[in-house]
Amino acid sequence: MKPFEFHRAINSDDVFKHISTTSKYIAGGTNLLDLMKKHIHEPNTIIDLNSALSNTIEQKNDGIFLGAMTTNTKVTENTIVNKNFPLVSKAILAGASPQIRNMATTSGNLLQRTRCPYFYDTNIPCNKRKSNSGCGALNGHQRMAGIVGTSQNCVAVHPSDFCVALAALDAEVFITKTDSTTEKIPFKDFHRLPENNPEKDNNLSDNAIITGVFIPNNNFGNTVSYVKIRERDSYAFALVSVAAALEIKDDKIKKVRLASGGVAHKPWRWFEAEKFLKNKKASRDNFIKAAELIVSKTKPLPNNTFKVTLLKGAVETALMQCLTNTSNG
Amino acid sequence: MSHSKNENTFSRRFFIKTSSAFTALALVPHSIKAFYNDIKETYFTKKVVLPIYLKINGKDYNLNADSRTTLLDLLRENLNLTGTKKGCDHGQCGACTVHINGQRALSCLSLAAMMQGKEITTIEGLANGDNLHPMQEAFLEHDGYQCGYCTPGQIMSAVACVNEGHTKSIEEIKEYMSGNICRCGAYNGITNAIKSVAK
């Protein structure tokens, strides 16, 4: 690592005091320190946010607010989260290891960098690491690359499981800027597609920090599921994952959410499939049709067409699991 | 080309060249050296040393450490607590697992500067004198290792796994121990050891 100044921010005014173009915020550090050891990030200043931002979970009338510094474990152990937002716990528990979940935070999860192997290999060009240097993955190994929303400049995917659940549940990202103004960004607009500037993962401006994530109430109950397919049973990033949530009334799907990880530069929502399933019967036939509609929207790369088949199965499985989870719950 | 008959002695020319270079260097005005140092400081960040106080295995420590020091390096390099192992140093293997305020965490991905006032437990802090911790006994009993390099991390993770209550089945133990990799493949011994302590 390159030497750096270290500042512990102690309150919300303090967090902007030492910022510069070469400063970085640290929360859990599980991604940043790794990147610093590999000289992918070389900040001159590190600002520790742990004492400055909220690490509490607050139940509101219309939903739940997860403070930026709540650890993944704390979220999964929260009784309100488990009762009203079980999809969130399912997704978090599908990711990382217990040690990492004890360290990693809510805001850090949103801001973690891709795990594309070419992003991590400093001997190989990567547009995300260095603008206009090229993309190693375009003609390389593509198991971890995207199948939807990719560009000629970048095929990397967002690695989070937690964010897939947050995208499915229409969460909002709470932001505070240097001028003390606050803002709410709908989750689907927080992360972005690579287009011509893949070095930017999301739409958070340089003069802003995440203070927390709000999840609105829903009527999905236990009719939710998170299916994750990966290279090994545990402690691996997703090849594809599917978050599904159903609200069924009078034998018809009243509301449905479908989102995926491991397929795009951002947690991906399948809006067309949601529209297709609305007001239809919650049957395997309809679930298969929805899965077919989803895969018809994908554009796999030459070396990751297998992910389309995985995705199709994962969508069907996730929707079927919603039905079994509801009867168990 | 006729080379000097004795290659080990320095030629007259070499002597004149080097001695003039040293003389020239000594004569460089101080202002130029200062200017060079200024440039160096602008382009190369100096290492930053921070005061750190923390508790390790019940003992208080007041230390000074480079801002870059990870908790793992602080334990191993600064304090000679080498029981905690450095495997991958990138948060992928779990060999460096310690408890921070009672929760298992990866010391290789923790900055020592962020441990201010925290209580750390390492493998050295488990036994009570010569009496091993029940989990250490269980690893011996069930052959929970082969080469032993991942063992301190496995045991720290295993103790936490039992405390968390994630031991209802072998499957659950496996899932909650997935952050600790064993290249020898002693997994059956490890899960059996944990199951025996959990009972």
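For every chain, the first residue of the written sequence is number 1, and numbering continues from 1 along that sequence. As a convention, the first chain written is A and the first ligand written is 1, with the rest following in written order. Where totals are concerned, whole chains, interfaces and linings use all residues; where local detail is concerned, this predicted model gives features only for residues with pLDDT of at least 70, and gives and counts side-chain atom pairs only at 80 or more. Water and hydrogen atoms play no part in the side-chain values, which are based on all heavy atoms of the structure.

Structural notes on the pattern of salt bridges
All names here are of chain A.
Okay, so step 1: Every case where a carboxyl oxygen of Asp or Glu lies within 4 Å of a side-chain nitrogen of Lys or Arg is listed as a salt bridge. Scanning the model with the defined rule gives 21 salt bridges over all chains in all.
Okay, so step 2: Between arginine 269 and aspartate 170 there is a salt bridge whose closest N-O contact spans 2.8 Å. In this pair, arginine 269 sits in strand 12 (residues 268-269) while aspartate 170 sits in the loop between helix 8 (162-168) and strand 6 (172-177), placing the two residues 99 residues apart along the sequence.
Okay, so step 3: Buried residues are those whose accessible area, probed at 1.4 Å on protein chains only, stays under 20% of the maximum for their type, while exposed residues exceed 50% and partly exposed ones sit between those limits. Accessibility expressed as a relative area gives 9% for arginine 269, which makes it buried.
Okay, so step 4: Taking the relative accessible area as the measure of exposure, aspartate 170 reaches 34% and is therefore partly exposed.
Okay, so step 5: The closest approach of N and O atoms between arginine 269 and glutamate 274, which form a salt bridge, is 2.7 Å. Each helix corresponds to a stretch of at least 4 residues labelled H or I by DSSP, and each strand to a stretch of at least 2 residues labelled E; elements are numbered beginning at the N terminus.

Topic: the interface of chain B and chain A
Okay, so step 1: Contacts between the two partners involve 33 residues from chain B and, on the opposite side, 32 residues from chain A.
Okay, so step 2: Buried area: the accessible surface (1.4 Å probe) lost by two parts on joining, summed over both. For the pairing of chain B and chain A, the buried interface totals around 2,700 Å² over both sides, and the portion due to carbon and sulfur atoms is 57%.
Okay, so step 3: Here chain B is connected to chain A by one salt bridge.
Okay, so step 4: A salt bridge links Asp89(B) to Lys37(A); the nearest nitrogen and oxygen atoms lie 2.8 Å apart.
Okay, so step 5: Elements represented by at least two residues in the side of chain B that touches chain A include exactly strand 4 (103-106), helix 5 (151-164) and helix 6 (170-176) of chain B.
Okay, so step 6: Looking at the side of chain B that touches chain A element by element, the count peaks at four residues for strand 4 of chain B.
Okay, so step 7: Here the term charged refers only to Asp, Glu, Lys and Arg, the term nonpolar to Ala, Val, Leu, Ile, Met, Phe, Trp, Tyr, Cys and Pro, and the term polar to all other amino acids, Gly among them. Class assignment of the residues belonging to the side of chain B that touches chain A gives a composition of 11 nonpolar, 15 polar and seven charged. Note on contacts: a residue pair qualifies if any of its non-hydrogen atoms lie within 4.5 Å across the two residues.

Focus: the packing of helix 4 (residues 134-141) of chain B against helix 7 (residues 187-198) of chain B
Residues and elements named next belong to chain B.
Okay, so step 1: Axes here mean lines fitted to C-alpha atoms, for a helix over just the part in contact, with angles spanning 0 to 180 degrees between N-to-C directions. One way to put it is that helix 4 packs onto helix 7 with a least axis distance of 8 Å and a crossing angle of 135°. Considering the angle they form, helix 4 stands oblique to helix 7. Where helix 4 crosses over helix 7, the handedness of that crossing is right-handed. When helix 4 is examined against helix 7, the residues Pro134, Met135, Ala138 and Phe139 are found in contact with a partner set consisting of Ile190, Ala193, Ile194, Ser196 and Val197. Angle categories: roughly parallel below 35 degrees, roughly antiparallel above 145, roughly perpendicular from 65 to 115, and oblique for all the rest. The crossing is said to be left-handed when, going from far helix to near helix, the turn is anticlockwise and less than a right angle, and right-handed when the turn is clockwise.

Observations regarding the pairing of strand 2 (residues 59-66) of chain B
All names here are of chain B.
Okay, so step 1: As paired strands, strand 1 (residues 49-56) and strand 2 are joined by eight bridges and run antiparallel to one another. In the strand pairing of strand 2, valine 49 is matched with aspartate 66.
Okay, so step 2: Two strands are said to pair when DSSP picks up at least two bridges between them. Between strand 1 and the antiparallel strand that follows it, strand 2, lie two residues; asparagine 57 among them carries a positive phi value of about 50°.

Brief notes about the side chain of Gln112(A)
Residues and elements named next belong to chain A.
Okay, so step 1: Along the chain, glutamine 112 turns up in the loop between helix 6 (106-111) and helix 7 (117-120).
Okay, so step 2: A relative accessible area of 10% means that glutamine 112 is categorised as buried.
Okay, so step 3: Separated by 3.1 Å, the side chain of glutamine 112 and the backbone oxygen of asparagine 109 make a polar contact.
Okay, so step 4: Within polar-contact distance, the side chain of glutamine 112 engages the side chain of arginine 115 at 2.9 Å. Side-chain atoms alone can form a polar contact between residues adjacent in sequence; in general such a contact is a pair of N or O atoms within 3.5 Å, and within protein one must be able to donate a hydrogen while the other accepts it.

Some thoughts on the layout of surface pockets
Okay, so step 1: Only protein atoms enter the 1 Å grid used here. Points where a 1.4 Å probe fits but cannot escape make up a cavity, open sets with protein on both sides within 12 Å along at least five of seven lines make up a pocket, and a residue lines them when an atom lies within 4 Å of a point. Grid points are joined across faces, edges and corners, and a volume is the space filled by probe spheres set on the points. Space inside the second largest pocket adds up to approximately 630 Å³.
Okay, so step 2: Around the second largest pocket, the lining is made up of 29 residues, and of these Asn50(A), Thr71(A), Asn102(A), Met103(A) and Lys118(B) lie nearest the centre.
Okay, so step 3: Among the elements of the structure, helix 2 (72-77) and helix 5 (98-103) of chain A together with strand 4 of chain B are those that each provide at least two residues to the lining of the second largest pocket.
Okay, so step 4: Per-element tally for the lining of the second largest pocket: the top contributor is helix 2 of chain A, with three residues.
Okay, so step 5: Partitioning the lining of the second largest pocket into residue classes produces 10 nonpolar, 14 polar and five charged.

Side note on the sheet that holds strand 3 (residues 97-100) of chain B
Residue and element names in this part refer to chain B.
Okay, so step 1: Taken in spatial order, the five strands make up an open sheet running 2-1-5-3-4, and their pairing is mixed. The sheet terminates laterally at strand 2 and strand 4, the two strands that pair on one side only. Across this sheet, the average inter-strand angle for adjacent strands is 40°, counted without regard to direction.
Okay, so step 2: Where strand 1 and strand 5 (residues 119-121) come together, two bridges link them in parallel fashion. Within the sheet, the bridge partner assigned to isoleucine 56 lies in strand 5 and is isoleucine 120.

Description of the domain arrangement of chain B
Okay, so step 1: Reported domain spans reflect what an automatic or database domain assignment gives. Along its sequence, chain B is carved into domain 1 (12-43), domain 2 (47-125) and domain 3 (127-199).
Okay, so step 2: Between the C-alpha centres of domain 1 of chain B and domain 2 of chain B there is a distance of 42 Å.

With respect to the nonpolar core
One broad rule of soluble globular proteins: the nonpolar side chains tend to lie buried together.
Okay, so step 1: Phe6(A), Leu54(B), Ile56(B), Leu71(B), Leu74(B) and Ile120(B) are the most contacted members of the largest nonpolar core, which totals 38 residues.
Okay, so step 2: Sorting the residues of this core by element identifies helix 1 (32-37) and helix 5 of chain A together with strand 1, strand 2, helix 3 (71-78), strand 3 and strand 4 of chain B as the ones contributing at least two each.
Okay, so step 3: For Ile120(B), the residues in contact, after removing those within four places along its chain, are Leu54(B), Lys55(B), Ile56(B), Asn57(B), Leu71(B), Val98(B), His99(B), Ile100(B) and Met115(B).
Okay, so step 4: In these notes, a set of buried Ala, Val, Leu, Ile, Met, Phe, Trp, Tyr and Cys residues joined through side-chain atoms within 4.5 Å is what counts as a nonpolar core. The next biggest cluster of nonpolar side chains, apart from the first, holds 37 residues, and it includes Val75(A), Val81(A), Leu110(A) and Leu166(A).

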